[in-house]
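# Notes for the structure review
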Amino acid sequence: MKPGGSPALPPGPRGGRLRNLYRRLFHYAEFMDELHAEYGDIVWFELPLLKCCAVFDAELAQEVLVAQSPSFAPWALGGREPNKLMEHGCLPVHHGEEHRWRAELMKSAFAEDRLHAYADVIAGHSLELCERLQPDHVVDLRPEVERYVWDALARVILGRHVDSKDGLHIGRLLKAADLLDLLPLGQLLKKLGPRPPTAVLDEAIYGAIRQGRDRVHDGRDLVSHLVRAADEGLSRWSYDNERALRDEVIAFLCAFTDAPTATLCFAVHHLARHPAVRERLEREVADVLGGRPAAPRDLDRLPYVHAVFKETLRLEPPAYVMRAKEALEDRVVGGYRIPRGTLMFVGMRVLHRRSDYWEDAGEFRPERWIEASGSGRVACPAHAYIPFGSGPHSCAGSDLATMLLFFALAAVAQRLRLEPTSSRPPQRENIGVGVDRLLVAVRKLP
């Protein structure tokens with residue numbers, strides 16, 4: 001407490017803004033680990049012109065993401081300035097009433113019947129991935145998985161094939177923009193920079209919107225649903241214009257590819273390092289599928305496949321730290337004062353690896369998920385496992401991501417063994433989302 005009884009700022013390094021920025025840009029995971037180890041569960045630090053606070057505790061994460069979520073909005077400078085890519089924003093960056101309506105519409109797009117239609121598409125693309133991985137060749141797995149994820153997403157969202165080149169380039173620009181937001185002159189650089197090359201993707205998106213309005217079209221893709229939902233009584237809200245819908249779709253497509261790609265690359269790494277886990281995975285797939293390809297009806301019939309990707313997401317969540325939340329007013333979190341304008345970071349990777357939350361926290365042990373579901377025990381405290389976030393701003397596409405991981409793992413386990421040429425795990429990009437190359441030798445199953 002400060003004199004007079006008002007709460008103090010959380011503990012943390014005072015000053016050192018440039019050093020903190022360097023650590024954030026180039027050693028993100030280590031920086032978060034250091035803050036937690038030295039200062040505890042809630043830590044105050046500063047970057048040039050930015051006040052920041054990180055939380056590494058499950059209860060504090062619940063405070064920020066759920067209990068006090070109305071007071072913590074996604075940090076979205078793009079929502080307060082001209083945005084050359086998405087002038088109307090998208091679901092993850094909106095807050096309050098606008099976010100609630102968008103989330104309701106997006107939730108209806110992932111109803112059970114629609115998920116089965118999406119699963120059919122994804123299952124087919126997982127087989128194409130395996131066909132491209134030729135036995136007795138060494139390949140860079142990351143671009144192959146990236147192509148699988150992109151092609152499946154384009155078909156699910158737009159109902160058509162779109163070359164990945166333009167979309168993946170825009171995704172890289174989005175990540176660069178996130179880093180620029182941390183720099184003192186970053187916003188100026190974004191304003192002066194060129195307009196992103198979206199012509200090819202725009203043509204595909206607007207074509208999908210026109211197709212969605214055509215009642216002859218079967219409407220199984222996500223865009224068709226977003227176009228028709230209000231008219232069909234499935235949502236009370238719709239986009240004001242085609243540009244607003246285009247902005248939502250381009251964000252979903254281009255920002256969604258990295259996380260499933262990274263997770264699948266890490267899964268291959270861990271499976272190769274744990275032969276007994278890989279063999280159990282292969283046995284389950286062989287016993288349940290009996291040689292046929294995985295289908296939507298198998299989503300609940302392969303628990304060990306789910307356990308493998310859940311454990312991969314535990315050790316290597318989609319990002320080191322969740323997207324920053326900005327305090328809209330002075331708040332108190334964990335007994336500490338959080339001034340208005342502070343950026344709040346939830347340290348997802350630290351939460352997922354805390355030894356007081358997890359038995360054998362640093363070990364790759366998918367069995368923990370089977371044991372938990374069998375006994376009815378909770379594997380960890382609530383909000384200690386949040387790979388898709390929590391609260392109102394949890395990931396709208398979590399079911400889609402789950403299916404991308406499920407079908408790829410099942411297809412590979414049924415046909416191939418992928419042996420990384422190095423024991424070194426895939427390396428994260430400096431934003432802590434995507435990964436670099438992963439060379440693997442492709443072998444047929446023995």
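Fair warning: this is a prediction, and the values are worked out from it, not measured in the lab. Once a new chain begins, its residue numbering starts again from 1 and follows that chain's sequence as written. Per-residue local features are limited, in this predicted model, to residues with pLDDT of at least 70; the limit for side-chain atom pairs, both in listing and counting, is 80 or more; totals at the level of whole chains, interfaces and linings are taken over all residues. To get the side-chain values, take all heavy atoms of the structure and skip hydrogens and water.

Note on conventions: DSSP H or I runs of at least 4 residues are helices, E runs of at least 2 residues are strands, and numbering of each starts at the N terminus. Counting its secondary structure elements, the protein chain contains 17 helices and 10 strands. When we talk radius of gyration, it's over C-alpha atoms, and the globule rule is simply 2.2 Å times the number of residues to the 0.38. Against the globule reference of 22 Å for 446 residues, the protein chain gives a C-alpha radius of gyration of 22 Å, in line with a compact fold. Each principal axis of the C-alpha distribution contributes one length, and for the protein chain these read about 70 × 50 × 40 Å. The contact rule is simple, with two residues in contact once any of their heavy atoms fall within 4.5 Å. Of the contacts formed within the protein chain by residues at least 6 apart in sequence, a portion of 75% connects residues at least 24 apart.

The next subject is the side chain of aspartate 221. Of note, aspartate 221 is situated in the loop between helix 9 (199-213) and helix 10 (222-228). We call a residue buried when its accessible area falls under 20% of the maximum for its residue type, exposed when it is over 50%, and partly exposed in between, using a 1.4 Å probe and counting protein chains only. Charge convention: Lys and Arg are scored as positive, Asp and Glu as negative, and His as well as the terminal groups of each chain are ignored. Note on definitions: salt bridges are taken to be side-chain nitrogens of Lys or Arg within 4 Å of carboxyl oxygens of Asp or Glu. This buried residue, aspartate 221, is left without a salt bridge; arginine 114 holds the nearest opposite charge, at 6.2 Å. Under the rule applied, a polar contact is a pair of N or O atoms within 3.5 Å (in protein, one hydrogen donor and one hydrogen acceptor; residues adjacent in sequence only if both atoms are side-chain atoms). Here histidine 217 takes part through its side chain, which lies 2.6 Å from a polar atom of the side chain of aspartate 221.

Turning our attention to the sheet that holds strand 9 (residues 416-420). For sheets, the rule is that strands pair by backbone hydrogen bonds, running either parallel or antiparallel. Taking strand neighbours across the sheet as the criterion, the three strands line up as 4-10-9 in an open arrangement whose pairing is antiparallel. Looking at which strands have only one partner, the edges of the open sheet turn out to be strand 4 (138-140) and strand 9. The average angle at which neighbouring strand axes cross in this sheet is 40°, direction not considered. The angle between two axes is taken between their N-to-C directions and runs from 0 to 180 degrees, where each axis is a line fitted to C-alpha atoms and a helix contributes only its stretch in contact. Here helix 6 (residues 141-158) sits on the sheet in contact with strand 4, strand 9 and strand 10 (439-444), set at roughly 60° to strand 4. Each pair of strands is called paired provided DSSP finds at least two bridges between the two strands.

Inspection of the secondary structure assignment puts glutamate 146 in helix 6. A C-alpha to C-alpha distance of 25 Å links glutamate 146 and tyrosine 385, two positions 239 residues apart in sequence.

What follows deals with the packing of helix 13 (residues 275-289) against helix 17 (residues 398-415). In contact at an axis separation of 9 Å, helix 13 and helix 17 are set at 90° when each is read in the N-to-C sense. Between helix 13 and helix 17, the angle falls in the class roughly perpendicular. In this structure, helix 13 uses Leu281, Glu282, Val285 and Leu289 to contact helix 17, whose residues at the interface are Ala410, Ala413 and Gln414. For classification purposes, an angle smaller than 35 degrees is called roughly parallel, one larger than 145 roughly antiparallel, one from 65 to 115 roughly perpendicular, and anything else oblique.

Further remarks concern the packing of helix 12 (residues 258-273) against helix 13. A packed helix pair is summarised by two numbers, namely the angle formed by the two axes and the spacing between the axes. Running from N to C, helix 12 and helix 13 cross one another at 110°; their axes reach a closest spacing of 5 Å. With respect to each other, helix 12 and helix 13 are oriented roughly perpendicular. When helix 12 is examined against helix 13, the residues Leu271, Ala272 and Arg273 are found in contact with a partner set consisting of Pro275, Val277, Arg278 and Leu281.

Take the pairing of strand 8 (residues 343-346) next. In strand 8, alternate side chains face the same way, and those of Leu343 and Phe345 on one face and Met344 and Val346 on the other are all buried. Note that strand 5 (residues 325-327) and strand 8 share two bridges and pair antiparallel. The partner of glutamate 326 across the bridge, within strand 8, is leucine 343.

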